[in-house]
Structures are given as structure tokens and as C-alpha cells.
Amino acid sequence: MQKILIKNVSKEYISDFKRKRKTAVDNVSLSIEKAEIFGIIGVNGAGKSTIIKMIMGFIKPHSGQIFVSGKTPLDPDSRRNLGYLPENPYFYDNLTARELLMFSCQASGLDKKTSIRRIEILLKKVGLFAEQNQKLRTFSKGMTQRAGICFALVHDPDIIILDEPMSGLDPLGRKIVIDLICDLKQRGKTVLFCSHILNDVERICDRVGIMDGGSLKRVYTKEEIFKSVDAENNLEEIFLKIIGRNQ
Amino acid sequence: MKRQFILVLFLFVSIFFCFMFQKNLIEKREIFLKENYAGYILPSKITGPASLEFSGIVADFLFLKITTFFGGEFNQNEPIDNKYAQFLYESMNILTDLDPWFWDAYLMADMILTWDFGKIDLANKLLLKAMAHRKEDFKVPYYIGFNYFYFLKDNLNGARYLMQAARLPKAPGYLSSLATRLSMYQNQYRPAIMFLNDIIKSTQNPELRKQFEIRLKTLMIMDRLEKKVHEFKKRFGTFPDRLSDLTDKGLVKLIPDDPYGGKFILLENKRVYTTSKMIYK
Amino acid sequence: MMTRKLFALTILTFKEGVRDRALFGIGLFSLLLMAGSIVVVSMFMRELHKVTVDINLSAITFAGLLLSFFVSINLMSKDIDRYTIYSVLSKPFSRSQYIWGKYLGIMLLIVTAMGILTFCSSLAIWFTKSQYSLYFQGFSWMEFYKAVYAELLMFFLLNALIVFFSTITTSSFITLLFSISTYIAGQTIEEVVLFLKTKHAAEIFMSEGINTIIGIVQYILPNLSVFDLKLQSAHAITISWDYLAAVTGYSIVYSIVLLIMASLIFNKRELR
């Protein structure tokens, strides 16, 4: 059964004053299976974040359908087993990391004992355990990013959606996140993420979708990438060729 | 380091000038305020809505402002201009639109309007407004009644209001018999002494209490002197021509000084009064 | 499960609000006002209880207003403005649950703040009362707490308004503007209507149209002056339980209507 199913989804934005229409996502269809890691790559404004926001139910598609665990995003239950990391996450200033994670657990229905245990494990894993009682206001960008990753993972969801998980992270932080994602895959979780950092995508994804101008140009499997990737033809080359800006 | 020092020096010089200006400004401002006295208050059609749900505290603030203004006028020890009577009436009227139960305001207006300005009609108008809101309060008709008796010499209305006061809850027992006593002592200072005593007993503000006490003291002196005048009549068959006759005949050791700075005199109708009219000379 | 979820959001909102630095300023200001009441009172003649109650109730109300206009709006509008809302909505909350959870959190904050302030002002009143017991005979604790309760009802409604406005506007500044104007209009509408009903006004406004408009506005706008029992409390005028029940009902029903409308509008809103 598909964990995430996107059927012919389109989205137009209408600018507030000029009433001008702009197509952000154009007829995208995609299905992501259980225990799969799917990466979306594309330039800025390609529609990656728009797709993710539609999956989360923050915005609604103009046409087409979306199902998460068989439920539409309008149903809050579709997010029961889901973890999400927003792009440039920004959390409540006056809460501590620990309180934020506690909220994540409680809102997903975890009991207190399990929550405390999982919070401790995760905070130690991303290296925020010492700062757990600091207010989020005092966090640097990288620390906030790591706290956001914990927020998405702490309730042990089956589906994890990460919007630019690597941004703002130092090489060590990046390695921690990659390890975390690989670990998730081993435990049979489904991961959808988008990124500009092609190197990471290449390393961990089962499948990669390339987006440009709102549409999904092509989806590669890992094998296909391996096959075409050689000395002079890496994922970067493929990407640039696909979006037709290879000069 | 040197730059820092110059900056700090400059700061102190500026603070000094700031202080000088401020001092100068306070003096200027005093003159300004004196010339442009606060003889207006916005009408309650504006102050009412503008004070939103804070009309109570706005009324308190206005009350303080008005009382300090009149307090300042009285402390200058000179007779206050009659134009302030209308101002006092109007501002207290606005104030009691904001808080129609505000007894302090009614009472303050009553005391000043009657004793200092002699505007009994204005005072009674405000007291009638108080009566419409403080229906259970015996003090309101009591004060109206007193004004009728003492200032307007209107026994009929006075008795009517006093009887009304006597019927209200918590009214002291003596009120019902007071009407008769008041009309009996109509041409004497006794009722006023009684009345002032009542007010002093329930006034907290020491400044005001002092004012009332001076008035009470003066009234008591005049009351005593009047009694001696009648004693003189009883003893010698005729009224004295002047107060000094009392000392001459040994009835009084000496005529006391008027606390208001005036002189006690004997009027044509053989009543004792003072040249200060109980207003600071 | 649902209540637990809502409770988590309520507590989250409360914690975020209670640590807002504006809170210290607001608290300090009203405490100073209460302490000041002890001093100011001596300048009055005899109705010291009235002045004390006036100042203390005003301090509580003013603190509540600042709290609503600055902290509540921050909690609602800024949440949407600055996308902190994503972290809440990525959890299994529906949009209506978000609205209710947030509202309850804000109310918990207001109730706590007013509880603390009421306790402090009770101390201030108790102290003044013991100093000037002769001039406190017309004072009633019961009526004082009734006025505080009515004020609390006003804040129930006002914050429902703030939640409502933050769902229809896109910036916290506009929410602030709308909320303040509605508050002022709500406090004065009764007086405007009363004025229009007088004969004097009838001569000025001949037009039937204006009267109809005012009539409609009167029913749409919340009449906030019904919750103002400060004067009555200051003069210890007994407020009937009937009246309190009626304003309680009014506040609750009006708030529920606002919150349902807010949920409906918010359901349609795109959070880009």
C-alpha cells in the first residue's frame, strides 16, 4: 500500500493585488511506498515546498487528490503517524527544547514515560541534550534545525516529511541527519524529503524526483542513478540536463 | 579613552543644562497655569464615552484635580472669585455624570457652594441629583434640609426634607426631632455647629478636616458671644451697642480673635458676626 | 485522546505566553498602581472604599487589556505570521481544534493573571481597609469579586474577538487595530444608542437610515459595557445573581459564535 499518493495534483497561486495567476505545481502524480526514501530535488521555486505543504494540508490543491496513509490531508488523522520538519523551522521563542518535544509527543498521543525516554535518546543523538532546558530563542540556526528534526521524529512516526533537512547544518550535523534517515529506513519508515544538496540525496535515496517549473520531470531509481553516474556524469549533470539549463 | 572622557564630560554638562531648563520651565509653567486656569472640563457627552470602562477612576482623577484647584485658591487666603462657583457646579455635574453615586463630589460641591459662594440653589440642584441615585442614603435629604433651614430660612421645605431623611434606613434617631429644634433655633448658630460636627466626624482628609474645624471654632465663638449678648439683655434690660460693652461690663474677659483674621462685630439686629464673613482675609 | 491533545496545545500556548517579557511590565505596572492606591486614597474625603476599589479594579482591567492586546495577539497572529503554526498543524490537529486549543491557552493565561492580580489587589484593599476602617463601612468583598468576575467575562469575549480577527487578517498589526476599535466601539455603543433614543438627538438625526444602521450595528457589535460593574462594585451596590447569569450566558454564547466563525474561516485559509 502506498504511504503517500499524489494524483494529478495542480496548484495555482493568485497574487493578492493584481489577481495574476501563477502555476506552482502542474499536474504532478507520485506514489511513495512503505519503507522508501524519496528525495525531491529542484531549483528554488520549482514547487517542492508547495507539494509538501499540500501533503501536510496547509494549502489545498486546485485539482487532483492527495492521500496520506489512505486519508486526505483534510483529515487530521492523516497526520497521526507523521513527522514534519518545515523549511527554516521557527519554533516558539519562550519554550525549551524539552517542552517543545514533549508537546510533539503528547499531541501524538504518547504516554509520558515513553515520551521522556524518547526525548532523551533523540536529544542525545543530535547533540542537544545539554541544551535541553534552554529557551529556543537562544538557539543558533543549526541548533534550531536539529531541534526541528527531533520534533519530527520524537513520536516515532511511520511517515517522515523533511523540507530541506540539511540547511544550516555543519558537516557533523549533516552526518547525524543522514545516519538518522538511514536508521529510519532500516526500521521500515517512509521518508520524503527535498533538498538542494544533491550529494546527500544521491547517497541515501531509493528514488529521486526532479522537479522544475512546477512539474515532476523525471523519477530515477537508485539503480538508474548508479548506472548513469560515472566519472563525468554524476547526479548534478543529470539534474542540469533534465531541467535544460546545462550550458 | 580620552574620547570617552570628553563624552562623559559633555553628558554632565548637558545634564546640568537640562536641570537649569527644567527649573526655569517649572517657574514659567506656574505662571502659565495661573493665567490659564483650569476653568473648563470636557462635557460628559465626551468624557463619558472617552473614559470607556474607566469612568470610576476618571471621576476620581477629576475630583482630585478640582479639589486641588480649589484647595490652592483657598490657601491663597483671599476671597475667591465668584466665577468659580459656576465652574465648580459644572465640573461637579460632569463628574457625577461619570459616577452618579460619588458622594464625596456632591458633598464637596455642597460645602463650597453654600459656605463660600452662597449659591444655595446650585448646591441643592446637585444634591437633588444625588438623591435620585443614592435613594437609601439619609444624608442627602438631611443636607438639603439643612440648606433650606440654615441658609434659605425656609422652614417648610427644610422640615419636609428632614422628615424624608428620618424615614430612610440607618438614619439616626435624632433626625425626626431635629426639624422642630432647627426651626426653634433658627436665628442661632447652634444648628450649624451641630451640622459641622457631623461632617467633621466622618471626614478623613486631615487638610479638609482642619478647614471645617476652623469654621466650627468660629461658629462656636460667635454662638458663645451671642449667648452673652442675651445675658446682657437679661441683666441690663437693653442690648449692648457693641461687643466691647460685654468686656466693659465684665461678662466676657476679652473678645477672642477671629481665626479667619477678621473682627467679630455686633450687627443692627443684635446678632454676632464677623468682618471676615468666615472667608480668609 | 482528543482532550489530551487539546490540553497539550493549551499548555503549550500558556507556557509560551506566560514567559512573554511583556508580562513582567504589565504585572509591575498594575502592582504599582495597586500600591499607589494605598497612598492616593488619603487625598479623598470619606469615600475611601470607592476610590480604592476604583483604582484596583481599573488596574486589573488595564492589565487584562494590555495582556489581550499584546500577549494574546502575539500568541495568535504571530503564530500564523511567523509560521510557528506549522509545528502545531503538522500534528493531528484539525483547524478548529487549533482555534480552540489556542483560545483555551490564552484564557488560561488571562485567568491566571487575573487571579494573581485579584489576590494582590485584595491584599491592597485589605491593608487600606485596616488603615481606614472607619471609611470602609460601605465596602463589600462580594461585590468586588462580582465585578472582577464580570471583567473576566469581558476578556473571554474580547479574546474570542482577537482569535476571530487573527483568522481573517494577514498581519498582527491589523488584528491589533481591529481588536482595539471593536473594543472601543463595544464599550461605547450602548451610550451612543441611548443618546440616539433621546428626544434631543431625534431632532438632529432625522434620517431613518442612520437609526436602522445603528440598530443593526448594535446587534452585531458585542456590548462590552454590560460587563463593567466597577462603579457599582465601588459603591457596593448589589448586583443580582440574575444579572450575572445573564452576562455569563451572553459572554459564552457570543464567544462560541465567534470561535465557530473563526474555525470556519480558518478551515478555508491557505497557510503559505
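J.: Requested: an account of unusual backbone geometry, with residues and values cited.
T.: In this structure, Glu164 of chain A is a non-glycine residue whose phi angle is positive, near 55 degrees. Looking at the element boundaries, Glu164 of chain A is found in the loop between strand E6 (159-163) and helix H5 (171-186). Judged by its relative accessible area of 6%, Glu164 of chain A falls in the buried class. Phi angles above zero are rare outside glycine, and Lys170 of chain B is one such case at about 70 degrees. Counting through the fold element by element, Lys170 of chain B comes out in the loop between helix H8 (155-167) and helix H9 (175-184).

J.: For the sheet that holds strand E7 (residues 190-195) of chain A, give the residues involved together with the corresponding values.
T.: All names here are of chain A. Read from one edge of the open sheet, six strands run E5-E6-E7-E3-E8-E9, paired in mixed fashion. Edge positions in the sheet fall to strand E5 (82-85) and strand E9 (215-221), since each of these pairs with one other strand and no more. Looking at each pair of strands side by side, their axes are set apart by 15 degrees on average, direction ignored. In the sheet, strand E3 (residues 37-42) pairs with strand E8 (residues 207-212) via five bridges, with the strands oriented parallel. Each bridged residue has a counterpart across the sheet, and for Gly42 the counterpart in E8 is Met211. Helix H4 (residues 141-153) contacts E5 and E6 of the sheet and is inclined by roughly 165 degrees relative to E5. The sheet contacts of helix H8 (residues 235-242) involve E3, E8 and E9, and relative to E9 the element is tilted by about 150 degrees.

J.: Tell me about the domain arrangement of chain B, and please be specific about residues and values.
T.: Interfaces are frequently sized by the accessible area removed from exposure as the parts join. Residue and element names in this part refer to chain B. What the domain assignment reports for chain B is domain 1 (52-216) and domain 2 (223-274). Its C-alpha centre places domain 1 at a distance of 30 Å from the equivalent point of domain 2. On the side of domain 2, eight residues touch domain 1, which itself brings eight residues to the contact. Of the roughly 690 Å² buried at the junction of domain 1 and domain 2 (both faces included), carbon and sulfur atoms supply 48%. Connecting domain 1 to domain 2 are zero salt bridges. On the surface where domain 1 and domain 2 come into contact, there are one residue pair in polar contact (both at pLDDT 80 or more). Among the secondary structure elements, those contributing two or more residues to the side of domain 1 that touches domain 2 are helix H10 (190-201) and helix H11 (206-236). Tallying contributions element by element places H11 first for the side of domain 1 that touches domain 2, with three residues. Grouping the amino acids of the side of domain 1 that touches domain 2 by side-chain chemistry returns three nonpolar, three polar and two charged.

J.: So what's going on with the nonpolar core? Residues and values would help.
T.: One finds Ile161 of chain A, Met92, Leu113 and Leu219 of chain B together with Tyr98 of chain C to be the most contacted residues of the largest nonpolar core, which totals 235 residues. Each of domain 1 (52-216) and domain 2 (223-274) of chain B contributes no fewer than three residues to this core. Those residues in contact with Tyr98 of chain C that lie beyond four places of it in its chain are Leu9, Met76, Asp79, Ile80, Ile85, Val88, Leu89 and Phe266 of chain C.

J.: Kindly report on the packing of aromatic side chains, identifying the contributing residues and their values.
T.: Ring pairs (aromatic) are described by centroid distance and by the angle formed between their planes. Applying the stated rule across the entire model yields 32 aromatic pairs over all chains. A centroid spacing of 4.3 Å and a plane angle of 10 degrees characterise the contact between Phe58 of chain A and Tyr86 of chain C, whose relative ring orientation is stacked. A residue pair is termed interchain when its members come from two chains, as with Phe58 of chain A in the loop between helix H1 (48-56) and strand E4 (63-68) and Tyr86 of chain C in helix H4 (residues 85-89). Classification of Phe58 of chain A as buried rests on a relative accessible area of 1%. The class for Tyr86 of chain C is buried, based on a relative accessible area of 5%.

J.: Any details on helix H3 (residues 112-126) of chain A? Residues and values, ideally.
T.: Turn by turn, an α-helix covers 3.6 residues, leaving residues three or four places apart pointing in a common direction. All names here are of chain A. Compared with an ideal rise of 1.5 Å per residue, which puts 15 residues at 21 Å, H3 spans 21 Å between its outermost C-alpha atoms and is within 8% of the ideal. Every buried residue belonging to H3 is among Ser115, Arg118, Ile119, Leu122, Leu123 and Val126, and all of these are buried. Seen end-on, H3 carries its buried residues on one side only, within an arc spanning 125 degrees. Pointing more than 90 degrees away from the buried face of H3 are the exposed residues Lys113 and Arg117. Of the surrounding secondary structure, the elements contacted by the buried residues of H3 are helix H2 (97-107), H4 and H5. If you check the start of H3, you find a side-chain oxygen 3.2 Å away from the backbone N of Lys113, and it comes from Asp111. Gly127 sits one or two residues past H3 and shows a positive phi near 75 degrees.

What counts as what
- Residues numbered from 1 in each chain as written.
- Chains lettered and ligands numbered in written order.
- Predicted model: local features only at pLDDT ≥ 70, side-chain atom pairs only at ≥ 80, totals over all residues.
- Heavy atoms only, no water.
- Helix = DSSP H or I, 4+ residues; strand = E, 2+ residues; numbered from the N terminus.
- Buried < 20%, exposed > 50% of the residue type's maximum accessible area, 1.4 Å probe, protein only.
- Pairing = 2+ DSSP bridges.
- Axes fitted to C-alpha atoms, helices over the stretch in contact; angles between N-to-C directions.
- Contact = heavy atoms within 4.5 Å.
- Domains from an automatic or database assignment.
- Buried area = accessible area lost by both parts, 1.4 Å probe.
- Salt bridge = Lys/Arg side-chain N within 4 Å of Asp/Glu carboxyl O.
- Polar contact = N/O pair within 3.5 Å; in protein donor to acceptor, adjacent residues only side chain to side chain.
- Nonpolar A, V, L, I, M, F, W, Y, C, P; charged D, E, K, R; others polar.
- Core = buried A, V, L, I, M, F, W, Y, C linked by side-chain atoms within 4.5 Å.
- Phe/Tyr/Trp six-rings, centres within 6.5 Å; stacked < 30°, edge-to-face > 60°.
- Expected span 1.5 Å × (residues − 1).
- Arc of directions from axis to C-beta.

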